[in-house]
Amino acid sequence: MAMDAFEIKGGRPLSGEVTISGSKNAALPIMAAALLTREKCVIHHVPDLSDVRFMVEILKSLGARVEFDGDTVVIEAAQIREFGDYELIRKMRASICILGPLMGRLGRARVSLPGGCIIGARPIDLHLKGLRALGAKFVIRGGYVVGTGSHLGGAEVFLGGRVGPTVLGTGNIMMAASLADGVTVIESAACEPEVVDLANFLNAMGARVEGAGSPTVTITGVKQLHGAEHTVIPDRIEAATFAVAAAVTRGSLTIKGARPDHLGAVLDKLREAGVKVGRRGQDIVVERSRNRLKPVDITTQPYAGFPTDVQAQMMVLMLLVPGISVITERIFEARFMHVPELCRLGAEILIEGPTAIVKGGRPLSGAPIMASDLRASAALVLAGLAAEGETVVKRVYHLDRGYQRMDEKLRRLGARIERVPE
Ligand code: UD1
């Protein structure tokens with residue numbers, strides 16, 4: 001893999017318009033859902049990201065025909081096998097979402113234990129628990145999860161885990177249950193908009209999924225699913241990242257084609273901090289303001305709470321605000337990999353268990369720093385935009401997993417950011 005870095009010269013306010021790409025976290029399970037039918041599925045508004053390219057390769061390794069052209073993916077899974085490419089799947093956490101479709105369609109699966117961002121233990125016990133309730137059997141052999149269970153049946157499944165519901169786990173159970181005999185009721189289902197988008201796609205394929213977006217989802221199994229066409233929702237995390245980018249540079253930005261209704265918690269916190277942010281139809285508008293910003297406390301929670309995927313970016317804003325902000329991470333315990341790197345820029349942050357205490361108001365000054373996971377890298381880029389002097393963010397392949405051409409989008413907004421070979 002070619003290693004790139006970003007060179008950022010900070011201190012310039014962003015201004016203008018940016019258009020949000022399709023949601024990565026919605027697109028990945030929706031692409032996997034196309035495995036549930038032999039017919040052709042056409043999925044629009046798919047972001048061009050390395051994670052999506054990975055999923056294309058995974059689906060191909062399972063025997064599907066896949067074309068990715070512009071922002072449209074066409075998938076035809078006429079003949080598939082249960083055995084995915086070990087190395088491919090291992091590289092991406094979200095590849096676990098092929099497990100539900102394979103069990104639903106074939107009653108067999110062989111999937112390597114997934115990898116992905118190193119942000120704490122990311123078990124799949126709830127995925128397996130849910131699928132077992134439908135009648136599947138699993139063993140771990142040679143690093144693979146091997147599933148069997150040729151006749152899945154509806155069941156009641158409680159999916160609340162140690163820290164709450166599971167997003168991809170809910171998706172996996174919805175997908176498998178769509179082709180199971182009888183009715184499945186998921187209790188403590190994840191309510192994220194990406195789960196709703198997947199349910200909408202499944203229903204377009206002929207599935208009967210009701211209640212998605214609430215903690216109780218009911219799936220009535222059908223004999224088979226057919227091809228469908230679908231447009232993926234905008235990426236709420238990308239939209240939030242740009243909103244915070246506007247705030248940290250004291251800029252003004254129109255974020256187009258977002259879904260402000262998916263961003264209630266983030267917009268609310270930005271306003272509480274004193275950022276002038278509003279909505280105009282489907283756009284989010286951040287206005288330049290001379291207001292003094294105020295520290296805020298944030299606790300990450302399942303949807304509709306403050307998203308863990310925006311925690312790192314928000315921390316950068318808090319660094320610029322005089323006073324103490326307290327950020328508590330409730331979803332992924334080790335998700336503070338950005339903290340030591342931010343400290344290289346002059347930040348003062350103390351970590352106490354799941355809590356980061358941010359002593360804001362110190363000036364940030366540019367330095368070489370290194371990205372460690374997807375959202376952490378977004379935070380480092382925002383910090384570079386806000387810092388004085390030059391910041392070099394290394395290993396931006398983490399960022400490329402989840403943000404479509406972020407450097408180009410930022411450059412068009414006036415940021416001085418260049419992609420260079422590391
Ligand atoms: C998805 C998102 C990710 C986001 C996360 C939480 C995708 C591709 N990724 O990840 O960007 O940060 O939701 O909003 O959609 N857990 C268990 N057992 C399980 C599954 C999860 O204990 O079987 C725990 C996890 O360790 C974590 C919590 O549950 O602490 C939530 O994880 P989960 O919702 O499953 O995250 P993902 O779906 O993997």
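In short, a report on the structure. (Residues numbered from 1 in each chain as written. Predicted model: local features only at pLDDT ≥ 70, side-chain atom pairs only at ≥ 80, totals over all residues. Heavy atoms only, no water.)

Digging into the site of the ligand
Inference 1: Contacts to the ligand come from 20 residues, most closely from Asp125, Leu126, Thr166, Asp309 and Ile331.
Inference 2: Here an oxygen atom of the ligand sits 2.8 Å away from a polar atom, N or O, in the main chain of Leu168.
Inference 3: Taking Asp309, its side chain carries an N or O atom lying 2.6 Å from an oxygen atom of the ligand.
Inference 4: Surface burial for the ligand is 93%, taken as the share of its 740 Å² of free accessible area covered by protein chains.
Inference 5: Elements represented by at least two residues in the shell around the ligand include exactly α5 (125-133) and α6 (167-178).
Inference 6: Top contributing element to the shell around the ligand by residue count: α5, with three residues.
Inference 7: Looking at the shell around the ligand residue by residue, the classes come out as 11 nonpolar, four polar and five charged.
Inference 8: Counting residues domain by domain, the shell around the ligand receives three or more from each of domain 1 (4-21 + 234-421) and domain 2 (24-231). (Near = heavy atom within 4 Å. Polar contact = N/O pair within 3.5 Å; in protein donor to acceptor, adjacent residues only side chain to side chain. Areas by Shrake-Rupley, 256 points an atom, 1.4 Å probe, with all protein chains shown as cover. Helix = DSSP H or I, 4+ residues; strand = E, 2+ residues; numbered from the N terminus. Nonpolar A, V, L, I, M, F, W, Y, C, P; charged D, E, K, R; others polar. Domains from an automatic or database assignment.)

Description of the sheet that holds strand β3 (residues 40-44)
Inference 1: Spatial ordering of the open sheet is given by β4-β5-β3-β13, a layout of four strands whose pairing is mixed. The open sheet has two free edges, formed respectively by β4 (65-69) and β13 (229-231), since each of these has just one partner strand. Neighbour-to-neighbour, the strand axes of the sheet open up by a mean angle of 15 degrees, direction not taken into account.
Inference 2: Here five bridges tie β4 to strand β5 (residues 72-76), and the two strands are oriented antiparallel to one another. Bridge pairing in β5 links Asp69 to Thr72.
Inference 3: Sitting on the sheet, helix α7 (residues 193-204) is in contact with β3 and β13, with an inclination near 160 degrees to β13. (Pairing = 2+ DSSP bridges. Axes fitted to C-alpha atoms, helices over the stretch in contact; angles between N-to-C directions. Contact = heavy atoms within 4.5 Å.)

Quick notes on unusual backbone geometry
Inference 1: Between Tyr303 and Ala304 the backbone carries a cis peptide bond, its omega angle lying at 10 degrees.
Inference 2: For Ala304, the location among the structural elements is in the loop between β17 (298-299) and α10 (311-319).
Inference 3: With a phi angle near 60 degrees, His45 is a residue other than glycine that sits in the positive phi range.
Inference 4: Here His45 shows up in the loop between β3 and α2 (50-61).
Inference 5: Of note in the backbone geometry, Arg405 takes a positive phi value of approximately 45 degrees without being a glycine.
Inference 6: By the element assignment, Arg405 lies in the loop between α13 (397-400) and α14 (406-412).

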